[in-house]
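Chain by chain, the residues:
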Amino acid sequence: MPDKNAPPSDLTDVKKRVSDRLMPLDYISGVGTGGSGLKVYLSRALAPDEKHHVKSICDAEAAGKTVEFVKSGEFKAQ
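These figures come from a predicted structure and were not determined experimentally.

Chemist: Tell me about the pattern of salt bridges, and please be specific about residues and values.
Modeler: The full count for this structure, using the stated rule, is six salt bridges. Ionic pairing is found between Glu 61 and Arg 17, a salt bridge with its closest N-O pair at 3.1 Å. Taken together, the positions of Glu 61 in helix α2 (residues 48–61) and Arg 17 in helix α1 (residues 9–22) put the pair 44 residues apart, joining distant regions of the chain. With a relative accessible area of 37%, Arg 17 lands in the partly exposed category. Residues joined in a network through salt bridges with shared partners are Arg 17, Arg 21 and Glu 61.

Chemist: Can you tell me about the pairing of strand β2 (residues 37–42), naming the residues and giving the values?
Modeler: Bridging between strand β1 (residues 28–34) and β2 involves six bridges; their strand directions are antiparallel. Note on β2: the bridge partner recorded for Gly 34 is Gly 37. The loop that links β1 with its antiparallel partner β2 comprises two residues; one of these, Gly 35, has a positive phi angle of about 65°. Note: β2 against strand β3 (residues 67–71), five bridges, orientation parallel. Looking at the pairing, Tyr 41 lines up with Val 70 of β3. Each parallel crossover has a hand, and for β2 linked through α2 to β3 it is right-handed.

Chemist: Please set out the side chain of Ser 19 residue by residue, giving values where relevant.
Modeler: Along the chain, the position of Ser 19 falls in helix α1. Excluding residues within four positions of it along the chain, Ser 19 makes contact with Pro 24 and Val 31.

Chemist: With reference to specific residues and values, describe the nonpolar core.
Modeler: Judged by nonpolar contacts, the single largest core of 15 residues is most densely connected at Val 18, Leu 22, Ile 28, Val 40 and Val 54. Residue assignment for this core shows that the elements contributing at least two residues are α1, β1, β2 and α2. When residues of this core are assigned to their parent elements, the largest contribution, four residues, is made by α1. Dropping the residues within four chain positions of it, Val 40 is found in contact with Leu 22, Ile 28, Gly 30, Val 54, Cys 58, Val 67, Glu 68, Phe 69 and Val 70.

Chemist: Please provide a residue-by-residue account of the sheet that holds β2, values included.
Modeler: Judged by pairing direction, the sheet is mixed, and its three strands sit side by side in the order β1-β2-β3 without closing on themselves. Pairing within the sheet leaves two strands with one partner each, and these edge strands are β1 and β3. Going from strand to strand, the sheet's axes swing by 20° on average, the running direction of each strand aside.

What counts as what
Residues numbered from 1 in each chain as written. Predicted model: local features only at pLDDT ≥ 70, side-chain atom pairs only at ≥ 80, totals over all residues. Heavy atoms only, no water. Salt bridge = Lys/Arg side-chain N within 4 Å of Asp/Glu carboxyl O. Helix = DSSP H or I, 4+ residues; strand = E, 2+ residues; numbered from the N terminus. Buried < 20%, exposed > 50% of the residue type's maximum accessible area, 1.4 Å probe, protein only. Pairing = 2+ DSSP bridges. Right-handed = clockwise from strand over helix to strand, strands pointing away. Contact = heavy atoms within 4.5 Å. Core = buried A, V, L, I, M, F, W, Y, C linked by side-chain atoms within 4.5 Å. Axes fitted to C-alpha atoms, helices over the stretch in contact; angles between N-to-C directions.

What follows is the structure, encoded as structure tokens:
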């Protein structure tokens with residue numbers, strides 16, 4: 001029986017593509033799914049050129065998906 005809480009496979013694929021491009025950036029702390037879209041977790045506030053870069057990646061890789069930006073700080077293992 002499929003997990004009803006799992007994101008649709010196309011969203012999972014989109015998340016993987018976006019993550020592969022965003023996670024090397026030091027101001028991105030994570031990429032997740034929420035509802036029918038993606039959540040991009042920021043380690044800090046972005047400069048205008050950084051924000052433009054992140055948005056252009058999301059537009060290219062997640063066209064048609066909702067993308068929410070969340071300033072979360074760094075994620076650390078507990």
